[in-house]
Amino acid sequence: MEWNAATVALSLFLFVLAGILEIGGGYSIWIAIRENKMPVVFIPVGILALIGYGFVPTLQPYSSFGRIFAVYGGFFIVLSYAWAHLFDGFVLDTGDIIGGTLALAGVTICWFWPRNND
């Protein structure tokens, strides 16, 4: 696999899109059930978002299921914090910021490390 500006941009976009769909879908169902906010609206929206999330990783330009989902985990951590901060008023502490930064740095190394056999 050869990385270029287009594949890097696509890959990063897909990780962010997957996170928005998964976290948004889970959050929609969470508020419908835990906070009893318009379940008739938020449950179907959540289900559709989670279905969309299931398809997005298949669009990655790289073909390793394990590596894609492992790397996505780091994006999920950071995007979960961002979602909680934006939509729930969650205040991140130093541990959240350092841990999220390390997770994202780690998966960036895993994703973009040059490999000869792929």
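For the structure, see preceding data.
Remember, it's a predicted structure, so these values are computed and weren't measured experimentally.

A.B. asks: What exactly am I supposed to notice about the pattern of salt bridges here?
C.D. replies: One side chain can pair with another of opposite charge once the charged atoms of both are near each other. If you walk through the whole model with that rule in mind, you get one salt bridge. Linking Glu35 and Lys37 is a salt bridge whose minimum nitrogen-to-oxygen distance equals 3.2 Å.

A.B. asks: How should I be thinking about empty space enclosed by the protein in this particular structure?
C.D. replies: Where empty space is left in the structure can be found by rolling a water-sized probe over the atoms. Applying the stated criterion to the full structure yields one cavity of 30 Å³ or more. In terms of lining residues, the largest cavity is bounded by Leu14, Phe15, Ala18, Pro57, Gln60, Ile68, Phe69 and Tyr72. Of all the elements in the fold, those that place two or more residues in the lining of the largest cavity are helix 1 (5-34) and helix 3 (65-88). Of the residues assigned to the lining of the largest cavity, the class counts are seven nonpolar, one polar and no charged.

A.B. asks: What should I look at first to understand the packing of helix 1 against helix 2 (residues 39-55) in this one?
C.D. replies: What describes two packed helices is the angle between their axes and the distance between those same axes. Look at helix 1 against helix 2: their axes get within 7 Å of each other, and the N-to-C directions meet at 155°. Taken together, the axes of helix 1 and helix 2 are roughly antiparallel relative to one another. Judged by the sense of rotation from one axis to the other, the crossing of helix 1 with helix 2 is left-handed. Side by side, helix 1 and helix 2 meet where Ala18, Leu21, Glu22, Gly25, Gly26, Ser28, Ile29, Ile31, Ala32 and Ile33 of the first sit next to Pro39, Phe42, Ile43, Val45, Gly46, Ile47, Ala49, Leu50, Gly52 and Tyr53 of the second. Grouping the constituent residues of the contact of helix 1 with helix 2 by class yields 14 nonpolar, five polar and one charged.

A.B. asks: Quick question: what am I supposed to make of the packing of aromatic side chains here?
C.D. replies: Inspection of every chain in the model, using the stated rule, returns 12 aromatic pairs. With a centroid separation of 4.5 Å and an interplanar angle of 35°, the aromatic rings of Phe65 and Phe69 are classed as tilted. One end of the pair is Phe65 and the other is Phe69, both in helix 3 and four residues apart, which spans about a single turn. For Phe65, a relative accessible area of 61% translates into the label exposed. Three or more aromatic residues joined by ring pairs make a cluster, and in this case those are Trp3, Phe15, Tyr62, Phe75, Trp111 and Phe112.

A.B. asks: What is the right way to read the environment of Leu50 from this model?
C.D. replies: Relative to the helices and strands, Leu50 resides in helix 2. Considering only alpha carbons, one finds Leu50 and Gly25, 25 residues apart in sequence, at a separation of 5.2 Å.

A.B. asks: Please explain a nonpolar patch on the surface as it appears in this structure.
C.D. replies: On the surface, a cluster of nonpolar side chains totalling about 370 Å² of accessible area is made up of Met38, Val40, Val41 and Val45. One can find Val40 in helix 2. For Val40, a relative accessible area of 71% puts it in the exposed group.

Rules used in this analysis
- Residues numbered from 1 in each chain as written.
- Predicted model: local features only at pLDDT ≥ 70, side-chain atom pairs only at ≥ 80, totals over all residues.
- Heavy atoms only, no water.
- Salt bridge = Lys/Arg side-chain N within 4 Å of Asp/Glu carboxyl O.
- 1 Å grid on protein atoms, 1.4 Å probe; cavity = no way out; pocket = protein on both sides within 12 Å on 5 of 7 lines; lining within 4 Å.
- Points joined across faces, edges and corners; volume = space filled by probe spheres on them.
- Helix = DSSP H or I, 4+ residues; strand = E, 2+ residues; numbered from the N terminus.
- Nonpolar A, V, L, I, M, F, W, Y, C, P; charged D, E, K, R; others polar.
- Axes fitted to C-alpha atoms, helices over the stretch in contact; angles between N-to-C directions.
- Parallel < 35°, antiparallel > 145°, perpendicular 65-115°, else oblique.
- Left-handed = near helix turned anticlockwise from the far one by under 90°.
- Contact = heavy atoms within 4.5 Å.
- Phe/Tyr/Trp six-rings, centres within 6.5 Å; stacked < 30°, edge-to-face > 60°.
- Buried < 20%, exposed > 50% of the residue type's maximum accessible area, 1.4 Å probe, protein only.
- Patch = residues over 30% accessible without salt bridge, like charges linked within 9 Å, V, L, I, M, F, W, Y side chains within 5 Å.
- Areas by Shrake-Rupley, 256 points an atom, 1.4 Å probe, with all protein chains shown as cover.

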